[in-house]
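Structure at a glance
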Amino acid sequence: MRKRYFRLSCARCILSTAIMLPDPPLLEDHALTTPVLFNPVVKFLQVQIGLEPESLGVRVLGDCLSDLARDFPDRSYAAIALSAQQDAAVFDQVVAHFSVNESWLFRNAEQFAQLRQFVQSRAQARPRPLNVLSLPCASGEEPASIAITLQEAGVPPSEFSIIAGELDGEALAKARLGRFPRSAFRGAAPDSRWFEQRDQHYILASSLLSRIEYRQLNVLVAGLFQDELFDVIFCRN
């Protein structure tokens, strides 16, 4: 069965609030006999990451749950949800089944054109380094595109910083590498000023990658950016 996914609009950090889950049965097959919207995993993700199951539909949720069950053949859905609450590694594994991180460099080009105009309009009155937030950042295509845009707009790396947040730990690990396949360029030629080709991938220049701080975050956590200010925020689903 082909996997079906959706993109989460928040990033990850386990909430401290305990969630009451039913005691898992000793044995349970993974047939979706319980209505999907009331599945313990779905309810857990609603609270923890703001999942909106109604917007996805029963069929997509059912596919995600069936794929998840294959990873935990000896556990009920309630047991999986309980493990995800207690174990960060299981949490990441569960979230990965419900997220998609397909993106590409300079997706929605008009946003980067607006970023260029913004930084150029304040070039003469830049009181401090420019701070940019990219959330969620998927596998790093968006923050890499932001860094390149700023450099091309005349902002040296020393004068900007980017915080890139993502829920999916696997996607975040890829993003930290600054390593992109040819398909991430969507037919455009990789610019040798910003990328070095290695085998079949392209590596973002270290001068730009070093200005990106990758964090595993959750926008549902109160006070997440309490002491931080951003000049530009990229936040799209």
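Use the structure listed above.
Thresholds, definitions, all that
- Residues numbered from 1 in each chain as written.
- Predicted model: local features only at pLDDT ≥ 70, side-chain atom pairs only at ≥ 80, totals over all residues.
- Heavy atoms only, no water.
- Helix = DSSP H or I, 4+ residues; strand = E, 2+ residues; numbered from the N terminus.
- Buried < 20%, exposed > 50% of the residue type's maximum accessible area, 1.4 Å probe, protein only.
- Contact = heavy atoms within 4.5 Å.
- Areas by Shrake-Rupley, 256 points an atom, 1.4 Å probe, with all protein chains shown as cover.
- Pairing = 2+ DSSP bridges.
- Axes fitted to C-alpha atoms, helices over the stretch in contact; angles between N-to-C directions.
- Core = buried A, V, L, I, M, F, W, Y, C linked by side-chain atoms within 4.5 Å.

Moving on to the overall build of the protein. Check the secondary structure of the protein and you find nine helices and seven strands. Within the protein, buried positions represent 47% of all 237 residues. Taking the intrachain contacts of the protein between residues at least 6 apart in sequence as the baseline, contacts between residues at least 24 apart amount to 79%. Counting only carbon and sulfur atoms, one obtains 51% of the accessible surface of the protein, whose full area is about 12,200 Å².

Looking now at the sheet that holds strand β6 (residues 212–216). Taken in spatial order, the four strands line up as β6-β2-β1-β7 in an open sheet, and their pairing is parallel. Looking at the sheet topology across the chains shown, the edges are occupied by β6 and β7 (232–234). Taking each pair of neighbouring strands and ignoring which way they run, the sheet shows an average axis angle of 20 degrees. One ladder, built from five bridges, connects strand β2 (residues 160–166) with β6; its direction is parallel. In the sheet register, I162 faces β6, and the bridge partner there is I212.

Residues V132, I146, L150, F160, F195, L204 and Y214 are the most contacted members of the largest nonpolar core, which totals 32 residues. Element by element, the count of residues in this core is highest for helix α7 (residues 141–152), at five residues. Other than its neighbours up to four places away in sequence, L150 contacts L115, V119, L130, V132, V155 and F160.

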